[in-house]
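The residues making up each chain are set out below.
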Amino acid sequence: MENCIFCKIINNEIPSNKVYEDDMVLAFKDINPQAPIHILVIPKKHIPSILEISKEDDTLIAHIYDVINIIAKKENIDKTGFRVITNCGQDAGQEVMHLHFHILAGRKLGTKII
Ligand code: AMP
Ligand code: ZN
């Protein structure tokens, strides 16, 4: 998708600090980390938000959770814990209209969402 910053990251038009990649999914470090570990997991398919996920994306969405598991183990946060967040729309403060899953970890996250 033209003018989508995350599509540009997928296409290597914008650099990123990648932590995982396969044919369906990319994960990279958030440029403005809100915790010691802050990783974004995104589908390579351009899906603007949760609202545009369709039945044909079932395998992709399930795979994203597999990848989150792999990353949690790789980053050694599987024992200490982590939080997964997806913002959707204005009130949630979604800034990038390409579906993404924040993985936050590395400190006690408290009761606030981020
Ligand atoms: P959201 O508010 O849920 O849409 O989150 C968007 C996230 O993308 C924010 O946490 C930003 O810091 C992050 N972000 C924006 N541009 C980049 C980039 N070029 N590389 C890595 N993370 C980015
Ligand atoms: Zn995109």
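**Student:** Mind showing me how you'd approach the coordination of the zinc ion (ligand 2) here?
**Tutor:** Between any two of four tetrahedral donors, the ideal angle at the metal is 109.5 degrees; between two of six octahedral donors, it is 90 or 180 degrees. Protein-derived coordination of the zinc ion (ligand 2) comes from Cys4 (SG), Cys7 (SG), His46 (ND1) and His98 (ND1), at a distance range of 2.0 to 2.3 Å. Taken together, the 4 donor atoms coordinating the zinc ion (ligand 2) and their angles of 104 to 116° define a geometry best described as tetrahedral. All donors to the zinc ion (ligand 2) come from one chain, and their sequence spacing reads C-x2-C-x38-H-x51-H. No difference in accessibility class separates Cys4 from Cys7, as the two residues are buried.

**Student:** Is there a simple way to think about helix H2 (residues 58-74) in this case?
**Tutor:** Given 3.6 residues per helical turn, the α-helix brings residues three or four places apart onto the same face. In a regular helix each residue adds 1.5 Å, so 17 residues correspond to 24 Å; H2 covers 25 Å between its end C-alpha atoms and thus fits that length. Among the structural elements, strand S1 (18-21), strand S2 (25-29), strand S3 (37-43), strand S4 (83-85) and strand S5 (101-105) are those in contact with the buried residues of H2. Just past H2, the residue Asn76 takes up positive phi, approximately 60°.

**Student:** What's the story with the environment of Asn87 in this structure? I'm lost.
**Tutor:** You can see Asn87 is positioned in the loop between S4 and S5. Once the C-alpha coordinates of Asn87 and Ile50 are considered, the two residues, 37 residues apart in sequence, prove to be 8.5 Å apart. Residue contacts for Asn87: discarding those within four places in its chain leaves Ala92, Gln94 and His102.

**Student:** Help me understand the nonpolar core, please; the structure alone is not making it clear to me.
**Tutor:** Grouped together as the largest cluster of nonpolar side chains are 20 residues, with contacts concentrated most on Ala27, Ile39, Val41, Ile64, Ile71 and Ile103. Of all elements in the fold, only S1, S2, S3, H2 and S5 reach the threshold of two or more residues within this core. With 7 residues, the top contributor of residues to this core is H2. Sequence-distant contacts of Val41, that is, excluding residues within four places in its chain, are made with Val25, Leu26, Ala27, Ile64, Val67, Ile68, Ile71, Leu99, His100, Phe101 and Ile103. Counting 10 residues, the second largest nonpolar core, distinct from the first, contains Cys4, Cys7, Leu26 and Phe28.

**Student:** What is the right way to read unusual backbone geometry from this model?
**Tutor:** Leave glycine aside and you will find that most residues have negative phi; peptide bonds, for their part, are mostly trans. In the Ramachandran plot, Asn3 falls in the positive-phi region, its phi being about 65° despite a non-glycine side chain. Within the fold, Asn3 resides in the segment before helix H1 (5-10). Even without a glycine there, the phi angle at Asn12 is positive, about 60°. Counting through the fold element by element, Asn12 comes out in the loop between H1 and S1.

**Student:** What exactly am I supposed to notice about the pattern of salt bridges here?
**Tutor:** Pairing between side chains becomes possible if they bear opposite charge and their charged atoms approach one another. This model, assessed by the stated rule, comprises 6 salt bridges. A salt bridge links Lys45 to Asp57; its shortest N-O distance comes to 2.5 Å. Placement of the pair is Lys45 in the loop between S3 and H2 and Asp57 in the loop between S3 and H2, with a sequence separation of 12 residues. Note on Lys45: relative accessible area 35%, which makes it partly exposed. Here the residues in one salt-bridge network are Lys18, Glu21 and Lys44, joined through shared partners.

About the thresholds
- Residues numbered from 1 in each chain as written.
- Chains lettered and ligands numbered in written order.
- Predicted model: local features only at pLDDT ≥ 70, side-chain atom pairs only at ≥ 80, totals over all residues.
- Heavy atoms only, no water.
- Donors = N, O, S within 2.8 Å, 3.2 Å for Na, K, Ca; no water.
- Tetrahedral: all angles 85-135°; square planar, octahedral: opposite > 155°, others 65-115°.
- Buried < 20%, exposed > 50% of the residue type's maximum accessible area, 1.4 Å probe, protein only.
- Helix = DSSP H or I, 4+ residues; strand = E, 2+ residues; numbered from the N terminus.
- Expected span 1.5 Å × (residues − 1).
- Contact = heavy atoms within 4.5 Å.
- Core = buried A, V, L, I, M, F, W, Y, C linked by side-chain atoms within 4.5 Å.
- Salt bridge = Lys/Arg side-chain N within 4 Å of Asp/Glu carboxyl O.

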